[in-house]
Amino acid sequence: MWSKLGAIVWKDLYTTFRDRNLLLMMFAAPLAISVIVGSVFGGQSTGGFSIEAIPVAVVNQDEGTDLFGQPSNFGADFVAVVTGGEAGSNAGAEPVPAATTPCPLLDDTVGDGSAQFSGSLTDLFQVTLLEDSEAARTGVDDGTYTAAIIIPADFSAQMSPDIDVPGIAQSEADAAATQIEVYANAGRTISGSIVRSVVAGYVNTLLTGNITIGATISSLIDANPAVAMLAGNNAEANAVLGCGFIGGLGTVSLGGQSIANPQAEEDEPNLFALILVTTGAAQAVLFALFAAQGGIISVVEERRAGTLPRLLTTPTPRTVLIGGKFTATLVMVILQMSILLLALLVIASVNAGEIVWLWGTNPLALVGIVLATSLAVCGMGILIAGIARTPEQVGTLGTIINMALGVAGGAFGFAPPIPVAYFSLIYWGVDGLNKLGQGNVDIALNIAALLGQAALFFIVGIFLFNRRVEA
Amino acid sequence: MNSNHVPMVEATGLKKVFTTRDGKRVEAVKGVDLTIRKGEIFSLLGPNGAGKTTCISMISGLLEPTEGDARIGGHSITREPMEAKALLGVVPQEIALYTQLTARQNLEFFGRMYGLGGRELSRRVDEVLDFIDLKDRQNDRVETFSGGMKRRVNIGVGLLHRPQLVYMDEPTVGIDPQNRRRILDTVFRLRDEYGMTVLYTTHLMEEAQELSDRVGIIDHGEIIALGTQGELTQQVGEEDRLMIGVTKPLVNPDLLETIRQQVPDVTHVDFDTVQPAGAGQTDDEAADAGSSSSVIALRQGMGLITVLARRGRRALPRILNLIEQYETEVYSVEVREPDLEAVFLHLTGRALRD
């Protein structure tokens, strides 16, 4: 059985790699699109931005919280990060106080009570601070701003870790509900994506950093009741513990590359890499979908050419025939995605003059998301092959489905409503790659969703395909 | 001829019903019973759409029968499909090859699908390349081959695993006379040199007559006659078949009726127009229609009057006289002794090419 499966895989791969048009479609097109988009919007030299500052409205409604007796306002910290500690240049905008956490351990922030940052995000964003979220959205709608960043009132409360310390009241808010709203202009896809990435990076840093620190303090309290006593009764100790939590001082990271470290002026944001991640992830998944259909379409072509009926008269089980086709397509898709992701990494690294781990530093997670995405797109290919009667129908139907999935999955730069996006395998694949690009390896849900869709598509597709063969 | 009477194929009550898009049930094969002996060449003869391919597709395991079963070498195609298929080599009507691969790569790939491998596979591929006389072109891609060469590779694929039963589905459709002759010779070699049983479908009466030890005639999904050529022609008695080519695509219907009524010994009169290519008939089909008319070689747009008469040669002058009276120009005339075409005409009232 395995030799038959291997023969089918060999034959399909061999014929595919002799088809120059298909190779062009599989490898050259997505790479070219990603690089062109990156070059146009990201510039070709390190730190040399070729786009103007992105006009962004920021509405900070964060009411702050109390961490170990210390007032904290992560929303204000974020504002400080993107403004350099002051409001943007737009007249009429009210500056919002930046970091409100006087932290004795961090010299840079001790002084007038406000953290002063000089990170390069001030070059990237032209920030206007507003108090009315509706005004911000209206500004986006009429084109004044590319995006509006709306920080909710309970942002700090929800970002605070839940630590049971005697004598210290903690927020009871539901952390899962925490969200900074990014209201982006759908027509400015790249800029919108950049804003989203920066916000997502900031929130992730807060979450992961604070959870880690919180867990450490919890362990400390559990192990040594004296610490709890100290924490509950000593104001100075509380201040020290509170300052351990990350506010606006954290690094907003992307693939291991710092794009905004307020304490390290020499680090420029790697905008080119950011755009490569955003566009590259979308192109990788979208073209994988097309490549999968290109591979699976051969089933329909073989049915028409008569080679499939001929194979069905050989002593070869149908499962082996379909399995061979599926495996060959899977290999092609994995190869395509891997080559594309690797090529983008090389381009970003050459551009930066150093290795840029565009897709994070966890190879296992990367393999997992690539494999799960490939399985899902191949499953979709089988489903389309089961529905369509002719190769032409596969082409038409496949294009319609791919574009619909692309739109629903945010592959074209604008984010659809979340419930819609969940139905698109593109969303889960792109989101997984973007997460890895931001150094976030929490992609278990993405992988599970992709594998679930792969299984569903495969089962339904095989059922329909068998009916077609019998027809 | 090998006259081994152990059945190679036994089909019982084979029926296939398709459901059309509008929910209509179409009975393509209506309960076929068929026995093919080991070592014989058995032709299934019938017009296009008679159910030949559907019937054989069920025997070869490509289609699931709606009812009934078929056994190949004693193995049920529905219950032991892998064992049955291992005994069967299929040569489909279309060129079912991977044209981007070379002839050798095609043979090797299909050989693996039949479970061959290693040196055995290599040896069999060499043998088949010799058999189909394409060893010198083995490393050329099939897409560079002529139609006849592709046909030979197509046949070779079906012979790789030395099957006991070879099914050939109209293998001579659309090829030139030289390659047609080569294929017919190949069929004889398969039986005489390799002892294989050949199941051959065709709508060309001449091929069935030349090749077959026995013939089954199928029409509208049913076997309407089965036996040796001699046994079948006995069914139509001593009737000769007169094939009169006329230059007009249409004739006066009164002419046909007049021939039937006024010429003694005439039992049947039929008229057919040779369709121009593109008018519902491909070049291949037009060529085949011409071939079925044999030496008459009518041109497209002409007509063919077919007359069955017990003493055809005596009736001919009177018939030609009537045709002249109806101001119709005769292009060619041929008188044939009783054959399978006449059998089909006798049984169905239609010409085989209809």
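1. Digging into the overall build of chain A
At step 1: Along its length, chain A carries 17 helices and 8 strands.
At step 2: A burial count over chain A gives 56% of its 471 residues as buried.
At step 3: Look at the contacts in chain A between residues 6 or more apart in sequence, and 77% of them connect residues 24 or more apart.
At step 4: In the form shown here, chain A has an accessible surface area of approximately 19400 Å², with 62% of it arising from carbon and sulfur atoms.

2. What to know about the overall build of chain B
At step 1: The number of helices and strands found in chain B is 12 helices and 14 strands.
At step 2: Taken across its 354 residues, chain B has 54% of its residues classed as buried.
At step 3: Excluding contacts between residues fewer than 6 apart, the proportion of contacts in chain B whose partners are at least 24 apart in sequence is 74%.
At step 4: Counting only carbon and sulfur atoms, one obtains 45% of the accessible surface of chain B, whose full area is about 14900 Å².

3. Some thoughts on the sheet that holds strand β1 (residues 54-60) of chain A
Residue and element names in this part refer to chain A.
At step 1: Across the sheet, which stays open at both edges, the 4 strands sit in the order β4-β1-β5-β6 with mixed pairing between neighbours. With partners counted over all chains shown, the strands left at the sheet margins are β4 (125-130) and β6 (181-184), one partner each. Across this sheet, the average inter-strand angle for adjacent strands is 20 degrees, counted without regard to direction.
At step 2: The pairing of β1 with β4 spans 6 bridges and is parallel. Within β4, the residue paired with Ala 57 across the bridge is Thr 128.

4. Side note on the confidence of the model for chain A
Note that predicted coordinates carrying low pLDDT should not be read in detail.
Residues and elements named next belong to chain A.
At step 1: On average, chain A scores 70 in pLDDT, and the residues at 70 or more come to 63%.
At step 2: Under a pLDDT of 50 for its full length, residues 42-51 has, in the predicted model, 25 contacts with residues more than four places off or in other chains.
At step 3: Per-residue pLDDT stays below 50 along residues 86-119; that stretch engages in 64 contacts with residues further than four places along the chain or on separate chains.

5. So, the interface of chain B and chain A
At step 1: Contact residues are listed per partner, giving 32 residues for chain B and 26 residues for chain A.
At step 2: When the area that chain B buries against chain A is broken down by residue, the three leading residues are Leu62(B), Tyr98(B) and Met113(B), summing to 26%.
At step 3: Here chain B is connected to chain A by 0 salt bridges.
At step 4: Counting across the chain B and chain A interface gives 9 residue pairs in polar contact (both at pLDDT 80 or more).
At step 5: When the residues that make up the side of chain B that touches chain A are grouped by side-chain class, the tally is 18 nonpolar, 7 polar and 7 charged.

6. Observations regarding unusual backbone geometry
Residue and element names in this part refer to chain B.
At step 1: One non-glycine residue, Asp 133, lies in the positive phi region at around 60 degrees.
At step 2: With respect to the helices, strands and loops of the structure, Asp 133 is situated in the loop between α4 (118-131) and α5 (147-159).
At step 3: On the basis of relative accessibility, which here comes to 46%, the residue Asp 133 falls in the partly exposed class.
At step 4: Even without being glycine, Arg 162 reaches a positive phi, approximately 50 degrees.
At step 5: Its place among the elements puts Arg 162 in the loop between α5 and β7 (165-169).
At step 6: Take Arg 162: its relative accessible area is 42%, and that puts it in the partly exposed class.

7. Let's talk about a nonpolar patch on the surface
At step 1: The grouping of Phe17(A), Leu335(A) and Ile339(A) at the surface amounts to a nonpolar patch, some 240 Å² of accessible area in total.
At step 2: Here Ile339(A) lies in helix α12 (residues 318-352).

8. Looking at the environment of Ser72(A)
At step 1: As for its position among the elements, Ser72(A) is in strand β3 (residues 70-72).
At step 2: A C-alpha to C-alpha distance of 8.9 Å links Ser72(A) and Ala157(A), two positions 85 residues apart in sequence.

9. Structural notes on the packing of α5(B) against helix α6 (residues 177-192) of chain B
Residues and elements named next belong to chain B.
At step 1: Closest axis-to-axis distance for the α5/α6 pair is 10 Å, and the angle between their directions is 15 degrees. As judged from the angle between their axes, α5 and α6 are roughly parallel. For α5 against α6, the interelement crossing comes out right-handed. Between α5 and α6, the residues in contact are Gly 148, Arg 151, Arg 152, Ile 155 and Leu 159 and Asn 179, Arg 182, Ile 183, Thr 186 and Leu 190, respectively.
At step 2: The class makeup of the residues in the contact of α5 with α6 is 4 nonpolar, 3 polar and 3 charged.

10. Here's the deal with the pattern of salt bridges
Opposite charge on two side chains makes pairing possible when the charged atoms of those side chains draw close.
At step 1: Within this structure, the stated rule accounts for 32 salt bridges over all chains.
At step 2: Here Lys11(A) ties to Asp12(A) by a salt bridge, and the two come within 2.7 Å at their closest N and O atoms.
At step 3: Looking at Asp12(A), the relative accessible area reads 5%, which means it is buried.
At step 4: Between Arg191(B) and Asp213(B) there is a salt bridge, with its nearest N and O atoms 2.8 Å apart. Residue Arg191(B) is found in helix α6, and its partner Asp213(B) is found in the loop between α7 (205-211) and β9 (214-219); the two are separated by 22 residues along the sequence.

11. Comments concerning the pairing of strand β8 (residues 197-202) of chain B
All names here are of chain B.
At step 1: Burial analysis of β8 places 6 of its 6 residues in the buried class, which makes it a mostly covered element.
At step 2: Alternating positions in β8 separate into two faces, Thr 197, Leu 199 and Thr 201 on one and Val 198, Tyr 200 and Thr 202 on the other, with burial throughout.
At step 3: Bridge count between strand β3 (residues 41-45) and β8: 5 bridges; the pairing is parallel. In the sheet register, Leu 44 faces β8, and the bridge partner there is Thr 201.
At step 4: Strand direction decides the pairing type here: β7 and β8, joined by 5 bridges, are parallel. In the sheet register, Asp 169 faces β8, and the bridge partner there is Thr 201.
At step 5: Traced from β7 through α6 to β8, the parallel crossover comes out right-handed.

12. Describing the packing of aromatic side chains
At step 1: Counted according to the given criterion, the structure contains 10 aromatic pairs over all chains.
At step 2: Aromatic side chains Tyr422(A) and Trp428(A) sit 5.1 Å apart centroid to centroid with 20 degrees between the ring planes, which places their arrangement in the stacked category.
At step 3: Judged by its relative accessible area of 41%, Tyr422(A) falls in the partly exposed class.
At step 4: You can call Trp428(A) buried: its relative accessible area is 7%.
At step 5: With centroids separated by 5.4 Å and ring planes inclined at 85 degrees, the aromatic side chains of Tyr98(B) and Phe109(B) adopt a geometry described as edge-to-face. With Tyr98(B) in the loop between β6 (88-91) and α3 (103-113) and Phe109(B) in helix α3, this residue pair connects regions lying 11 residues apart in the sequence. Accessibility assignment for this pair places Tyr98(B) and Phe109(B) in one class, buried.
At step 6: Connected via pairs of aromatic rings, a cluster forms that spans Tyr422(A), Tyr427(A) and Trp428(A).

13. Some thoughts on the sheet that holds strand β2 (residues 25-37) of chain B
Residue and element names in this part refer to chain B.
At step 1: The 4 strands lie next to each other as β2-β1-β4-β5, forming an open sheet whose pairing is antiparallel. Edge strands, defined here as strands with exactly one partner in the open sheet, are β2 and β5 (75-76).
At step 2: Pairing geometry for strand β4 (residues 67-72) and β5, over 2 bridges, is antiparallel. If you follow Ile 72 over to β5, its bridge partner there is His 75.

14. Structural notes on the environment of Ala291(A)
All names here are of chain A.
At step 1: Looking at where Ala 291 falls in the secondary structure, it is placed in helix α10 (residues 271-305).
At step 2: By relative accessible area, which is 5% here, Ala 291 ends up buried.
At step 3: In this structure the C-alpha to C-alpha distance between Ala 291 and Val 377, which are 86 residues apart in sequence, comes to 8.6 Å.

15. What about α6(B)?
Residue and element names in this part refer to chain B.
At step 1: If you check α6, its first and last C-alpha atoms are 23 Å apart, about what 16 residues at 1.5 Å a residue would give, namely 22 Å.
At step 2: Taken residue by residue, α6 has Asn 179, Arg 180, Ile 183, Leu 184, Thr 186, Val 187, Phe 188, Leu 190 and Arg 191 as its buried positions.
At step 3: N-cap assignment for α6: the residue whose side-chain oxygen lies 3.1 Å from the backbone N of Gln 178 is Asp 176.

Cut-offs and rules
- Residues numbered from 1 in each chain as written.
- Chains lettered and ligands numbered in written order.
- Predicted model: local features only at pLDDT ≥ 70, side-chain atom pairs only at ≥ 80, totals over all residues.
- Heavy atoms only, no water.
- Helix = DSSP H or I, 4+ residues; strand = E, 2+ residues; numbered from the N terminus.
- Buried < 20%, exposed > 50% of the residue type's maximum accessible area, 1.4 Å probe, protein only.
- Contact = heavy atoms within 4.5 Å.
- Areas by Shrake-Rupley, 256 points an atom, 1.4 Å probe, with all protein chains shown as cover.
- Pairing = 2+ DSSP bridges.
- Axes fitted to C-alpha atoms, helices over the stretch in contact; angles between N-to-C directions.
- pLDDT = per-residue confidence, 0-100.
- Buried area = accessible area lost by both parts, 1.4 Å probe.
- Salt bridge = Lys/Arg side-chain N within 4 Å of Asp/Glu carboxyl O.
- Polar contact = N/O pair within 3.5 Å; in protein donor to acceptor, adjacent residues only side chain to side chain.
- Nonpolar A, V, L, I, M, F, W, Y, C, P; charged D, E, K, R; others polar.
- Patch = residues over 30% accessible without salt bridge, like charges linked within 9 Å, V, L, I, M, F, W, Y side chains within 5 Å.
- Parallel < 35°, antiparallel > 145°, perpendicular 65-115°, else oblique.
- Left-handed = near helix turned anticlockwise from the far one by under 90°.
- Right-handed = clockwise from strand over helix to strand, strands pointing away.
- Phe/Tyr/Trp six-rings, centres within 6.5 Å; stacked < 30°, edge-to-face > 60°.
- Expected span 1.5 Å × (residues − 1).

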